[in-house]
Amino acid sequence: MISRYYLKCPGCAEAFDARLGVEPTRGTRFYLPCPHCGLSIRGSMSGTELENHRIAIECEVLSDSAPESPDRRVVTINPFVPSRYDADTFTPMGSFPTMTLLQALGDDAFAKFQSERHAALEAGRDQWPTVRMLFQYYLQGNTAMFVRIAQQQLGLAWEPSTSHERTTVAYQAMGAVTTVITGTTGTTSANVIGRFSRKHFAAMKRHKDHLATFRRRGQSSAALERDVFTELNRFVEHHESWEMGLLGRFFGPGGKDAFDDLVLYRDEFSLVRDLYQHGFELACKCLWPLVAAQNTVKRGSPDDFGAVHPDRVPEKKRPRNLDKFDKLPNAFKIAYVAQVPGWEPFESLLNNRRRNTIGHATAHHDLQTGRVVSDESPSGMTYLEFLGEVLGVFEALSTLVQVLRASRVASSPDFGPFE
């Protein structure tokens, strides 16, 4: 849907026509450039239904219904689609936002993208609130309400009567929703979790030290569990601000180059960067179960890192046990995980070089170019690429919380006192 406005620039005072692409949203901050002087004019829209949809633009609105005039300049943007505001025909790509994705992706990829995108938005809107309640009752230890929500709202056909059963149900419910929000194209979560599970169960059967480590560390992970849940909830609550990061996973070979000159006109950088930074740090705190399982399977002890270390880790920094691993810089932690076959994607999902660029004190969203830049990286990345990095952190965090679940189950009081 396109809304048309006749606006007056607060800078140069020239009038122009604005065409705004509109979609249902709980809240979206955007900006549009004055076609006369280039001033970035901020705005916001909200409303999930046509009758309650509202648009506010920080300039004088001369009319919200006046017909367009061939004598006035026009700007066309869509906060939900990368756009090319300097043209208003069907070509070149990006000139008419509603056609951009179809032109760039092709019929099949476009249909798949739309399907995954809508499923993700629906999961966050309709399913997550119930899962959030369930997990809150789990964290509170409110067994009666936990069971009621699980049975009445999630359709659980049996009663989870033990602590480890409730932990399992809570994490499975969370995983079911976060998997849909992450999407299926280009994701590796199932492979990572599957490989970890096989290593973890094999290690528990053969080495008592492995289970003892997971029980001890699982008991001390209660605060981390709460922090990760809180952050995942923040990601989902603000899903609309970063959900277009999914788009980058649908480009074919070389197709992404077509978007280099296009801009996603959203003005939410500070909010989304905060999610990215907090999610990145928490994800790195959840990496230890992966290396613990790998160490036990390969060398018989979760604390044995052996003689094979990532090249980038200096000899003096190489850990002798898990406690030393916990104190490593995040880049080194990621390197130990990524050297295990099947877990290499963490090098991309948790790209420490990108983390330093985005998290740099001077990093900002340049509204003139539509790129995220900093003193350290003047060329930066497009805002769409930035959102792709945010999706990567969400995928990593939602995957690793399922890995952390193994230690929380192991530490359950149902299994008696620790040895």
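Within every chain, residues take consecutive numbers counted from 1 along the sequence as written. With pLDDT at 70 or above as the cut-off, local features in this predicted model cover only qualifying residues; side-chain atom pairs require 80 or more to be listed or tallied, and sums for whole chains, interfaces and linings still use all residues. Based on all heavy atoms of the structure, the side-chain values leave hydrogens and waters out of the count.

Looking at the state of the cysteines
When the sulfur atoms of two cysteines share a covalent bond, that bond is a disulfide. Pairs of cysteine sulfur atoms within 2.5 Å are identified as disulfides in what follows. Evaluation of the coordinates by the stated rule reveals 0 disulfides. Considering cysteine sulfurs only, Cys 9 is the nearest to Cys 34, which forms no disulfide, with 3.7 Å between them. Cys 286 provides the cysteine sulfur closest to Cys 284, a residue in no disulfide bond, and the two sulfurs are 9.1 Å apart.

Let's talk about the sheet that holds strand β2 (residues 15–21)
Any two strands are treated as partners once DSSP identifies two or more bridges connecting them. Every helix listed is a DSSP run of H or I at least four residues long, and every strand listed is a run of E at least two residues long, numbered separately from the N terminus. Ordered in space as β6-β1-β2-β7, the 4 strands form an open sheet in which the pairing is mixed. Strands with a single pairing partner mark the edges of an open sheet, and in this sheet they are β6 (60–63) and β7 (74–77). Going from strand to strand, the sheet's axes swing by 35° on average, the running direction of each strand aside. Summarising the sheet, β2 and β7 pair through 4 bridges and their orientation is parallel. Bridge pairing in β7 places Ala 18 opposite Val 75. Axes here refer to lines fitted to C-alpha atoms; in helices the fit is confined to the stretch in contact. Angles between the N-to-C directions go from 0 to 180 degrees.

Thoughts on the packing of aromatic side chains
Aromatic rings from Phe, Tyr and Trp, with only the six-membered ring used for Trp, were paired whenever their centres fell within 6.5 Å, and each pair was classed as stacked if the ring planes differed by under 30 degrees, edge-to-face if by over 60, and tilted otherwise. Inspection of every chain in the model, using the stated rule, returns 18 aromatic pairs. Note on Phe 214 and Trp 288: the rings are 5.1 Å apart at their centroids and 55° apart in plane angle, and the pair reads as tilted. With Phe 214 in helix α6 (residues 208–219) and Trp 288 in helix α10 (residues 288–299), this pair connects stretches of sequence that are 74 residues apart. Only protein chains enter the area calculation, which uses a 1.4 Å probe; residues under 20% of their type maximum are buried, those over 50% are exposed, and those in between are partly exposed. Under the relative-accessibility criterion, Phe 214 is labelled buried at 0%. Positioned above the aromatic ring of Tyr 6 is the side chain of Arg 72, whose terminal nitrogen or guanidinium carbon lies 3.9 Å from the ring centre. Either the NZ atom of lysine or the CZ atom of arginine qualifies as a charge over a ring when it sits within 6 Å of the ring centre and within 35 degrees of the ring normal. The aromatic ring of Phe 280 is capped on one face by Arg 355, whose charged end is 5.9 Å from the ring centroid.

A look at the packing of helix α5 (residues 189–206) against α10
Contact geometry of α5 with α10 gives a least axis separation of 9 Å together with a crossing angle of 50°. Judged by the angle between their axes, α5 and α10 are oblique. As α5 packs across α10, the resulting crossing turns out to be left-handed. Taking contact as the criterion, the partners of Phe 196, Lys 199, His 200 and Ala 203 in α5 are, on α10, Pro 289, Leu 290, Ala 293, Gln 294, Thr 296 and Val 297. For classification, angles of less than 35 degrees are called roughly parallel, those exceeding 145 degrees roughly antiparallel, those between 65 and 115 degrees roughly perpendicular, and all remaining angles oblique. Put simply, a crossing is left-handed when the front helix is turned counterclockwise from the back one by less than a right angle, and right-handed when it is turned clockwise. The criterion used for residue contact is that any of the two residues' heavy atoms lie within 4.5 Å.

Focus: the confidence of the model for the chain
For every residue, the predictor assigns a confidence score, pLDDT, that lies between 0 and 100. Looking at the chain as a whole, the pLDDT averages 92, with 96% of positions reaching at least 70. Within the chain, the lowest mean pLDDT, 76, falls on helix α1 (residues 97–105), and the highest, 98, falls on helix α3 (residues 143–152).

Points about the environment of Arg 299
Tracing the sequence through the fold places Arg 299 in helix α10. In sequence terms Arg 299 and Asp 64 are 235 residues apart; their C-alpha atoms lie 70 Å from each other. Discounting residues that sit within four places of it in the chain, Arg 299 has contacts with Asp 304, Phe 305 and Gly 306.

Observations regarding empty space enclosed by the protein
Vacant regions in the atomic arrangement are exposed by a probe of water-molecule size rolled over the atoms. Here a cavity denotes grid points, spaced 1 Å and computed from the protein atoms alone, that fit a 1.4 Å probe unable to get out, and a pocket denotes an open set having protein on both sides within 12 Å along at least 5 of 7 lines; residues with an atom within 4 Å of a point are the lining. Grid points are joined across faces, edges and corners, and a volume is the space filled by probe spheres set on the points. Taken as a whole and judged by the stated rule, the model has 1 cavity of 30 Å³ or more. Approximately 50 Å³ is the volume attributed to the largest cavity. Sorting the residues of the lining of the largest cavity by element identifies α2 (107–140), α4 (163–182) and α8 (239–242) as the ones contributing at least two each. When residue character is reported, Ala, Val, Leu, Ile, Met, Phe, Trp, Tyr, Cys and Pro are called nonpolar, Asp, Glu, Lys and Arg charged, and the others, Gly included, polar. Partitioning the lining of the largest cavity into residue classes produces 5 nonpolar, 2 polar and 2 charged.

Looking at unusual backbone geometry
Notably, Ala 13 is not glycine yet its phi reads approximately 70°, a positive angle. Tracing the chain through its elements places Ala 13 in the loop between β1 (2–8) and β2. Look at Ala 13 and you get partly exposed, because its relative accessible area is 44%.

Observations regarding the pattern of salt bridges
The term salt bridge refers to a side-chain nitrogen of Lys or Arg lying within 4 Å of a carboxyl oxygen of Asp or Glu. This model, assessed by the stated rule, comprises 18 salt bridges. The partner of Arg 42 in a salt bridge is Asp 267, and the shortest N-O contact between them spans 2.6 Å. With Arg 42 in strand β4 (residues 40–47) and Asp 267 in the loop between α8 and α9 (269–285), the pair connects residues that are 225 residues apart, well separated along the chain. Judged by its relative accessible area of 15%, Asp 267 is buried. Between Arg 266 and Glu 268 there is a salt bridge, and its shortest N-O distance comes to 2.9 Å. Per residue, the accessibility class of Arg 266 equals that of Glu 268, and both read buried. Salt bridges linked by common partners bring Glu 23, Arg 117 and Glu 243 together as one network.

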